[in-house]
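Take a look at the letters that make up each chain.
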Protein chains: 8
Amino acid sequence: MEKQQILELLQQVRDGALTPEEAVLQMKIQPFQDLGYAMVDHHRRLRQGAQEVIYGAGKTPQQIDGILTAMESRDATDIIVTRMSDEAAEYIAQRHTMDFEPLSRLGIVKPTGRITAPGYIAVVSGGTSDMAVCEEAARTAAAMGNRVERVYDVGVAGLHRLLAKLDVLMQARVVIAVAGMEGALASVVGGLVDCPVIAVPTSVGYGANFGGLSALLSMLNSCASGVSVVNIDNGFGAGYLASIINHMGGGNE
Amino acid sequence: MEKQQILELLQQVRDGALTPEEAVLQMKIQPFQDLGYAMVDHHRRLRQGAQEVIYGAGKTPQQIDGILTAMESRDATDIIVTRMSDEAAEYIAQRHTMDFEPLSRLGIVKPTGRITAPGYIAVVSGGTSDMAVCEEAARTAAAMGNRVERVYDVGVAGLHRLLAKLDVLMQARVVIAVAGMEGALASVVGGLVDCPVIAVPTSVGYGANFGGLSALLSMLNSCASGVSVVNIDNGFGAGYLASIINHMGGGNE
Amino acid sequence: MEKQQILELLQQVRDGALTPEEAVLQMKIQPFQDLGYAMVDHHRRLRQGAQEVIYGAGKTPQQIDGILTAMESRDATDIIVTRMSDEAAEYIAQRHTMDFEPLSRLGIVKPTGRITAPGYIAVVSGGTSDMAVCEEAARTAAAMGNRVERVYDVGVAGLHRLLAKLDVLMQARVVIAVAGMEGALASVVGGLVDCPVIAVPTSVGYGANFGGLSALLSMLNSCASGVSVVNIDNGFGAGYLASIINHMGGGNE
Amino acid sequence: MEKQQILELLQQVRDGALTPEEAVLQMKIQPFQDLGYAMVDHHRRLRQGAQEVIYGAGKTPQQIDGILTAMESRDATDIIVTRMSDEAAEYIAQRHTMDFEPLSRLGIVKPTGRITAPGYIAVVSGGTSDMAVCEEAARTAAAMGNRVERVYDVGVAGLHRLLAKLDVLMQARVVIAVAGMEGALASVVGGLVDCPVIAVPTSVGYGANFGGLSALLSMLNSCASGVSVVNIDNGFGAGYLASIINHMGGGNE
Amino acid sequence: MEKQQILELLQQVRDGALTPEEAVLQMKIQPFQDLGYAMVDHHRRLRQGAQEVIYGAGKTPQQIDGILTAMESRDATDIIVTRMSDEAAEYIAQRHTMDFEPLSRLGIVKPTGRITAPGYIAVVSGGTSDMAVCEEAARTAAAMGNRVERVYDVGVAGLHRLLAKLDVLMQARVVIAVAGMEGALASVVGGLVDCPVIAVPTSVGYGANFGGLSALLSMLNSCASGVSVVNIDNGFGAGYLASIINHMGGGNE
Amino acid sequence: MEKQQILELLQQVRDGALTPEEAVLQMKIQPFQDLGYAMVDHHRRLRQGAQEVIYGAGKTPQQIDGILTAMESRDATDIIVTRMSDEAAEYIAQRHTMDFEPLSRLGIVKPTGRITAPGYIAVVSGGTSDMAVCEEAARTAAAMGNRVERVYDVGVAGLHRLLAKLDVLMQARVVIAVAGMEGALASVVGGLVDCPVIAVPTSVGYGANFGGLSALLSMLNSCASGVSVVNIDNGFGAGYLASIINHMGGGNE
Amino acid sequence: MEKQQILELLQQVRDGALTPEEAVLQMKIQPFQDLGYAMVDHHRRLRQGAQEVIYGAGKTPQQIDGILTAMESRDATDIIVTRMSDEAAEYIAQRHTMDFEPLSRLGIVKPTGRITAPGYIAVVSGGTSDMAVCEEAARTAAAMGNRVERVYDVGVAGLHRLLAKLDVLMQARVVIAVAGMEGALASVVGGLVDCPVIAVPTSVGYGANFGGLSALLSMLNSCASGVSVVNIDNGFGAGYLASIINHMGGGNE
Amino acid sequence: MEKQQILELLQQVRDGALTPEEAVLQMKIQPFQDLGYAMVDHHRRLRQGAQEVIYGAGKTPQQIDGILTAMESRDATDIIVTRMSDEAAEYIAQRHTMDFEPLSRLGIVKPTGRITAPGYIAVVSGGTSDMAVCEEAARTAAAMGNRVERVYDVGVAGLHRLLAKLDVLMQARVVIAVAGMEGALASVVGGLVDCPVIAVPTSVGYGANFGGLSALLSMLNSCASGVSVVNIDNGFGAGYLASIINHMGGGNE
């Protein structure tokens, strides 16, 4: 609970505008709306600089629709819905304006295409099979108002491919490095650029890949500074964090 | 290799200022100095916005001294030396101006105390036993020109302690969350602030802690957005990354 | 074997009411009934304060029917059947009075709705996707004679949601904290209440969640006192244990 | 923060007894005392029914002394200090009245020997090598006002030993089952008694024991109902939880 | 290669009955028959006391048929075929005399029902869901000439069930203990009997069972002597080994 | 509890020779002697065919002495004491007749050298560094009345060494295969002999050996039939089990 | 980037044949062709002695077709396509000359059957279920110009089978040892031959095989010298490496 | 056993030069010499192209001396002794001509400095802390007759360091890539050269490095072809294998 909000409430109590009981009630009910199956947090953009995101996995199309309707009723735009099933995507597309991309399964409801941050975010990947995670990251960042440059299929086993794209990487304000298998891409990129690198291990691979564990450990142990890691296959989380960083020190936050 | 440097070299070749053979040579030897036991990278501050750091672990006092001497000869200041042994700390302290702190075992050679970034970095920890890692993070960030606020011993099992420090957290530009055991601190802090949160799992604990694995997995699985993770006990890496982010969009980068 | 029962048997032998051979036989066959595919334990309520539960997984509808029939023939009520398949649920519903809930797949045969314990058990969850495990816990507790309060979707990344429900938590006699991903909910709740907290890790999540391992380790390493852990997704076990604790020191045990 | 406390503060503000600013301040600073190296939580007994415990590991003797002095100044008794080093034990013993036991390394400062709960807690162990963990559990429970019965060296490979102690187990209100190696004790005991069983895996053993992992997994997978698990070697946690349960529904809580 | 066979070959060479080249040839080709897709080992019964077994998994019905035909052409009986698919079972049943049991998926071709060993082997299990593995063990042992006693659903959480069957267990010459989840059955049985106990962990269970790892570790760490372990779900291996032991010191080996 | 003993007790009760209370008492106290720190099980040889063994690890010299004295007072011989410290070995040697071997740290008190089983047990090892575990196995078997043949340093990377000892292996009644690193020895030996093979993984090795895990998994996955596995480094367990098997069907059991 | 190529470029710049800007461009775009979904590396045969391979997994039939067309347009032959789906194999077979084998799912487009290396590569396997991985290795090696000898179903549990093929193994220039389960084959073969042994663990097996981990660890811990390991199921990688080694010191490299 | 040797023996038997019994004897005792504590394999150089190596770990100085004396008596030179203790190194140095290097703890007894292979082996490492493993590899290769080029401290986080040494790498016949932490070096080097790359993960690092597991998994998952892996820290194994490969197709094998 923010100090400022508490202070205002207390001042209202002192001025007789609120009874103490009402103030307690307000402290509790204000920030979110209880739909029964979910609590929609309308104050999140205030508190965290980005509105609530809808995790589509494990929600029925009807539940997603309900949350969207509640958010749209408060004029939300660029609402991100992740990991939608085919059924959910179809259901929502009939009821809302949505830009849906099937590989990443990420929809953007009421998209505006607005750019609010300076510079751009580069999304780099080692192989074509990581593309679903890449697009989840790239589309999340775009929906949050960032320009995005995609640099795909530049794995470290063919360094010349990566070096040919060096200027794109070196001018980015944040780099998202997506890689499965051995995850070396994060270290190599981390050694080449001077901006934050967000590493996303993917579960793509086979054998001793162990569902992304290999890439995850590799990235955590990166000897390059400036690299941090998000969960396996968590393209959304990387795009979200990259957007927060890209909005720092400029832009229409 | 940076495009600009290659272009300049090629222009010198075209103008006859360099032979092709000399250009090739220069492309190779320029960026670093080979001490035999280590290659000192004098161009790193240019390339990466921060000069090379000396990992003290596994280096003899004499080797550290040699690298420091090479760096100081090029007017480097605020040189970070991590994980120094008692013997190394003593040896270096006799030969260089060093601010050494024994808990984190981190020395800053030729410290200037200069602040070059706007805002501050908050270092939050769950318990007193994580303090060595916290200090490694805090001192790294300070040596790189950041103001640092320390918020220690505010574990999630006593939420009121954490909430009492909420204003310090909410005004930070970057938060470093250091926690062992269950690592829940990163999620709770991540849900309260709107800036990037860098989570550092520590190996502190016992039982099913498994050398920090428990906190690491917990942090990677954080349901809060805006959180990324560095290696177990890697206070240095967290401080370094926080500094890069804090310097974005302002300050004397 | 209980001392008291042995003593009585021995006294019957001494008094000539039983031959030694009959006593040995009785010691063996008495407590359970062998259906061939299962041994139904009719004395369990005596010995353990709660009658035997039927684990539906891996049993045919006919086997479940057989066990139920055997139990009902001895006037059992509120018989819990866990993890029923659709086929089993349908088969049993046609032959017995059953309250079946499809999300948790838990049926209560011959439900009475009787409340036998003082106070109530709170079931808290971090997200909507944990609801199946929550309901398994809640319905188990209810079938065993407890009042249950559900507090869902109050994950630690949105602390204000949890704090708004604080009074419900603080007046509970036992809290069951259900969470996947990072499992921090158990620690935060454990620090807020003064009653026993039973933590249930769930396998919900992705990436480095590793089928619930992440939440499990997090909960085991909880820095809050008063927290213990049951197996991943074991809602039934949590509800059962909570009921035993809630019946202590009061109620119609 | 408790609803009741907030209400009272708000009423004081309404009545003019407090300014809003003072109320905010009070909400923050009240519950704990900041010693620099630790925040002592004097309200914990109010909030959680048991006062704060001092984890001795990783604290200097001087720090422990400081916390103890702060607590004693508010008339605390039966203060538990866990995992004390020899040096700390000696230092504290010279300055405070302490009952210290070297195997468990657990000290009780200002011990009163008061019994405040009905019934007793049984601590059962499989072998003599688990005794340190057993004593940590037993002494914690005793310091919190419980009678404790010790049933040691009754591993499941010699069932008759365990069965001989059955009456002690069956009359306990809570059982703490401590076992290393295969951890089967928890399941067997769980099947015999009708009270809550708290299982404590220990790191005692060798080979595929993997530092207690074997016993931990075994206990989590217990097929007996009514069993929950705490962290490896966490005798303190088991004793603490057992005390909370034993105080339910009776005693001088 | 056995010394005796080499000696005989050498004597034949010395006596001129074989040329050296023929002897080398014979040493190579004698013991097995190469079907292209498999090498059938006709001498195995001589060398190892039991004829070759056909692992059905990963073999086509035609391949199994081919191996069976080759073996039957040399008068083999009681040929064990493990893990047969439905398709394979049907195909073979049409072409050979086979006793097939669908739960364990184990077929016995040309079954004789002969008993060649003294005493009997007891197969004990903790729950009904382990029955497929139990039957694989029991039927393997039976096909190799052993009497088998089945003692199912006697898990350690209901000790009285197990104790009621104690006489069956104590008179066995070998006990096979099959259990999933916590695997405690092996330790308890191991402490009750004086014959070898072969423990078979099963992958049955959920949560922190990890595909049988929990039971495996538990059984390896058994504190009872006389217990050894085979691979997870390896009922065949347990039955085979039990048969070898049961044939020792008696019977028509 | 054995059926026969219960029957006899019941008959004594019927005949008035015992009161029921006395019978219950006798059922409990008879089989073991409580020394305070340990329960000595004097009936184990009756129940399990081998007397109790003293695990030296974690016991003081005085405790070992106490147990030995209790056992010797009942005329026990060939008492095995495992994993003795230097201090314990010296202390016991001064008070009892003991054959102690320092590599395996296994002592035999009141050794008789008696051979009670037919045939011999072969102990095979892959390298010289496994010798401590080998000797623990060999000496345990010897103390229990078996002849033992040692076949050391015959790792599978030099097959000719192993084949040269083939006749020793093929005439054994039980083979104990001890190996660290890749543990292949068990499979190779298992394919050569027709008797039971007990595999003992050792923690000897480095790198991806992970404290014996590599050898353990390798042995569990052995494609040879007739192989079972005991815990890592558990030479005692292997020797004990081998003795039980070797005594089957012959000898002076 | 190769020194020689850079030198030539620089000389062209000096001679005025290229502007510096053109040279930079050429350094970047030369080695590969960007198809949008993939970057085809036409210089790989120059740089690495073998042309690029097409990993079929995760690529659409149309993408594979596009890459093949690009490569064939530059006269590539013997192009390897791994892990093709049925759909892809059919699609490509209609448009290109392809030798496809369904077990290994590996196609060779424009096959020439050319042999360019001296000697042969032996592919050895422990069981028939490893055959898919074996064929991937064997066909890769064949497509790269090597003679291949297949030695299948010679697992270490039947040593005589393996020894009968000893001459084939001992005359190979490289041996690829493919094995699942316990992976002992690599050690045994490694001890018999004097050429490099490439070990391929397979995921074939069950129980504590853990998806190939058991064989992987076993092979890494091999006590035989001259053995190295590739990823689980990576037949292609083994065949590729074997070809490189077989081409050394002879042949038409 | 080699076919040729058997043939010769059989011919001697046929010719009456040997009795069959003598032939059997000779087949057994010939290849090695039994010192009691070790079997010295004098034929290994014949069979495997390199003489036996002495693993110093776990051997007493006297045992090493004994083996060396046996080998030297048959004119062995360049005998490699690995992982010697200080005590062993000193003891051996007094009795044999030895070139000992303390970092790698590897001694070469009777060193000749002979070069027998064409080309050279490059040993590449990511950091100075891997140097012990590097030197074990480099010195092993040198003792086996190879020229060795060392390229140290060229980790992938500073690509320009690595690229500057590209010509050394590209002209090597075999590259040994040694790296701890994230192990990316193997992939990057594997993508640059066309010769076999032997990857050696090291246990150097901290945090989620898990004793080398991170580097091991990373290297196994390398997306570069031509890379294989040896055990963690196994510099000797890498040097040995590299020597075998380097001797192929040329040199004085």
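Check the entry above for the structure.
**Student:** Explain the overall build of chain A here, please?
**Tutor:** Looking only at helices and strands, one finds 11 helices and 11 strands in chain A. Taking all 253 residues of chain A together, the buried fraction comes to 66%. Across chain A, contacts joining residues at least 24 apart in sequence account for 67% of those joining residues at least 6 apart. As presented, chain A carries roughly 8500 Å² of accessible surface, and 51% of it is formed by carbon and sulfur atoms.

**Student:** Before we go on, may I ask you to explain the interface of chain G and chain F in this structure?
**Tutor:** Interface size is often expressed as the accessible area that is lost when the parts come together. Counting residues at the interface gives 24 residues for chain G, matched by 24 residues for chain F. Summing both partners gives a buried area of about 1900 Å² for chain G against chain F, and 69% of it is carried by carbon and sulfur. Between the two partners, chain G and chain F, sit zero salt bridges. Contributions of two or more residues to the side of chain G that touches chain F are made by helix H7 (159-164), helix H9 (185-192) and helix H10 (213-220) of chain G. It is H10(G) that provides the largest number of residues to the side of chain G that touches chain F, a total of five residues. Residues belonging to the side of chain G that touches chain F are distributed by class as follows: 16 nonpolar, seven polar and one charged.

**Student:** Looking at this model, I keep getting lost on the interface of chain B and chain A. Mind explaining?
**Tutor:** Counting residues at the interface gives 37 residues for chain B and 37 residues for chain A. Summing the contributions of chain B and of chain A, the shared interface buries around 3000 Å²; its carbon and sulfur component is 56%. Put simply, chain B and chain A have zero salt bridges between them. Seen at the junction of chain B and chain A, the total is four residue pairs in polar contact (both at pLDDT 80 or more). Elements represented by at least two residues in the side of chain B that touches chain A include exactly helix H3 (44-48), helix H8 (166-170), helix H9 (185-192), helix H10 (213-220), strand E11 (227-229) and helix H11 (235-246) of chain B. With five residues, H11(B) is the single largest residue contributor to the side of chain B that touches chain A. Class assignment for the residues of the side of chain B that touches chain A results in 20 nonpolar, 10 polar and seven charged.

**Student:** Would you take a moment to explain the environment of C:Ile64 for this structure?
**Tutor:** All names here are of chain C. Relative to the elements of secondary structure, Ile 64 occurs in helix H4 (residues 61-72). With a relative accessible area of 0%, Ile 64 lands in the buried category. Sequence separation between Ile 64 and Gly 158 is 94 residues; the distance between their C-alpha atoms is 43 Å.

**Student:** When you look at the pairing of strand E5 (residues 98-101) of chain F in this model, what are you seeing that I'm missing?
**Tutor:** Strand residues, when the strand is regular, have side chains that alternate between the two faces of the sheet. Residues and elements named next belong to chain F. Judged from the four bridges that link them, E5 and strand E6 (residues 106-109) form a sheet pairing that is antiparallel. Its bridge partner lying in E6, Asp 99 is registered against Ile 108. Linking two consecutive strands that pair antiparallel, namely E5 and E6, is a turn of four residues; a positive phi of about 60° is found at Arg 105 within it.

**Student:** Mind showing me how you'd approach the packing of aromatic side chains here?
**Tutor:** Enumeration over the complete set of coordinates arrives at 16 aromatic pairs over all chains. An angle of 80° between the planes, with centres 5.8 Å apart, marks the rings of A:Tyr55 and A:Phe236 as edge-to-face. Placement of A:Tyr55 in strand E3 (residues 54-55) and of A:Phe236 in helix H11 (residues 235-246) is noted, with a sequence separation of 181 residues between them. Given a relative accessible area of 37%, A:Tyr55 falls into the partly exposed group. A connected cluster of aromatic rings, assembled from ring pairs, spans A:Tyr55, A:Phe236 and A:Tyr240. For the cation-ring pair, B:Arg95 lies above B:Tyr91, with the distance from its terminal atom to the ring centre recorded as 3.7 Å.

**Student:** What is the right way to look at the side chain of D:Asn246 in this model?
**Tutor:** Residues and elements named next belong to chain D. Note that Asn 246 resides in helix H11 (residues 235-246). Within polar-contact distance, the side chain of Asn 246 engages the side chain of Arg 173 at 2.9 Å. When near neighbours in sequence (up to four residues on either side) are disregarded, Asn 246 contacts Ala 117, Pro 118, Gly 119, Tyr 120, Ile 121, Asn 146, Arg 173 and Val 174.

**Student:** Just to check I follow, could you spell out the sheet that holds strand E6 (residues 106-109) of chain D for this structure?
**Tutor:** Two strands in a sheet stick together by hydrogen bonds in their backbones, pointing the same way (parallel) or opposite ways (antiparallel). Residues and elements named next belong to chain D. The four strands are arranged E3-E4-E6-E5 in an open sheet whose pairing can be described as mixed. The open sheet has two edge strands, strand E3 (54-55) and strand E5 (98-101), and neither has a second partner. Here helix H6 (residues 131-143) sits on the sheet in contact with strand E4 (79-82), E5 and E6, set at roughly 10° to E6.

**Student:** I'm lost on the sheet that holds strand E6 (residues 106-109) of chain A in this one. Help?
**Tutor:** Residue and element names in this part refer to chain A. Taken together, four strands build an open sheet; the order of strands is E3-E4-E6-E5 and the sheet is mixed. Of all strands in the sheet, those with a lone pairing partner are E3 and strand E5 (98-101), marking the two edges. The pairing of strand E4 (residues 79-82) with E6 spans three bridges and is antiparallel. Within the sheet, the bridge partner assigned to Val 81 lies in E6 and is Gly 107. Most of the contacts of helix H4 (residues 61-72) go to E4, to which it runs at about 170°, and overall it touches E3, E4 and E6.

**Student:** Would you explain the relation of the copies chain G and chain F in this entry?
**Tutor:** A rotation about some axis, followed by a shift along it, carries one copy of the chain onto the other. Overlay of chain G on chain F (RMSD 0.1 Å): rotation 179°, translation along the axis 0.0 Å. On this basis, the relationship between the two copies can be described by a two-fold rotation axis. Rotation axis and chain G: the residue whose C-alpha lies nearest the axis is G:Ala184, separated from it by 2.4 Å.

What counts as what
Residues numbered from 1 in each chain as written. Chains lettered and ligands numbered in written order. Predicted model: local features only at pLDDT ≥ 70, side-chain atom pairs only at ≥ 80, totals over all residues. Heavy atoms only, no water. Helix = DSSP H or I, 4+ residues; strand = E, 2+ residues; numbered from the N terminus. Buried < 20%, exposed > 50% of the residue type's maximum accessible area, 1.4 Å probe, protein only. Contact = heavy atoms within 4.5 Å. Areas by Shrake-Rupley, 256 points an atom, 1.4 Å probe, with all protein chains shown as cover. Buried area = accessible area lost by both parts, 1.4 Å probe. Salt bridge = Lys/Arg side-chain N within 4 Å of Asp/Glu carboxyl O. Nonpolar A, V, L, I, M, F, W, Y, C, P; charged D, E, K, R; others polar. Polar contact = N/O pair within 3.5 Å; in protein donor to acceptor, adjacent residues only side chain to side chain. Pairing = 2+ DSSP bridges. Phe/Tyr/Trp six-rings, centres within 6.5 Å; stacked < 30°, edge-to-face > 60°. Lys NZ or Arg CZ within 6 Å of the ring centre and 35° of its normal. Axes fitted to C-alpha atoms, helices over the stretch in contact; angles between N-to-C directions. Least-squares fit on C-alpha atoms with pLDDT ≥ 70 in both.

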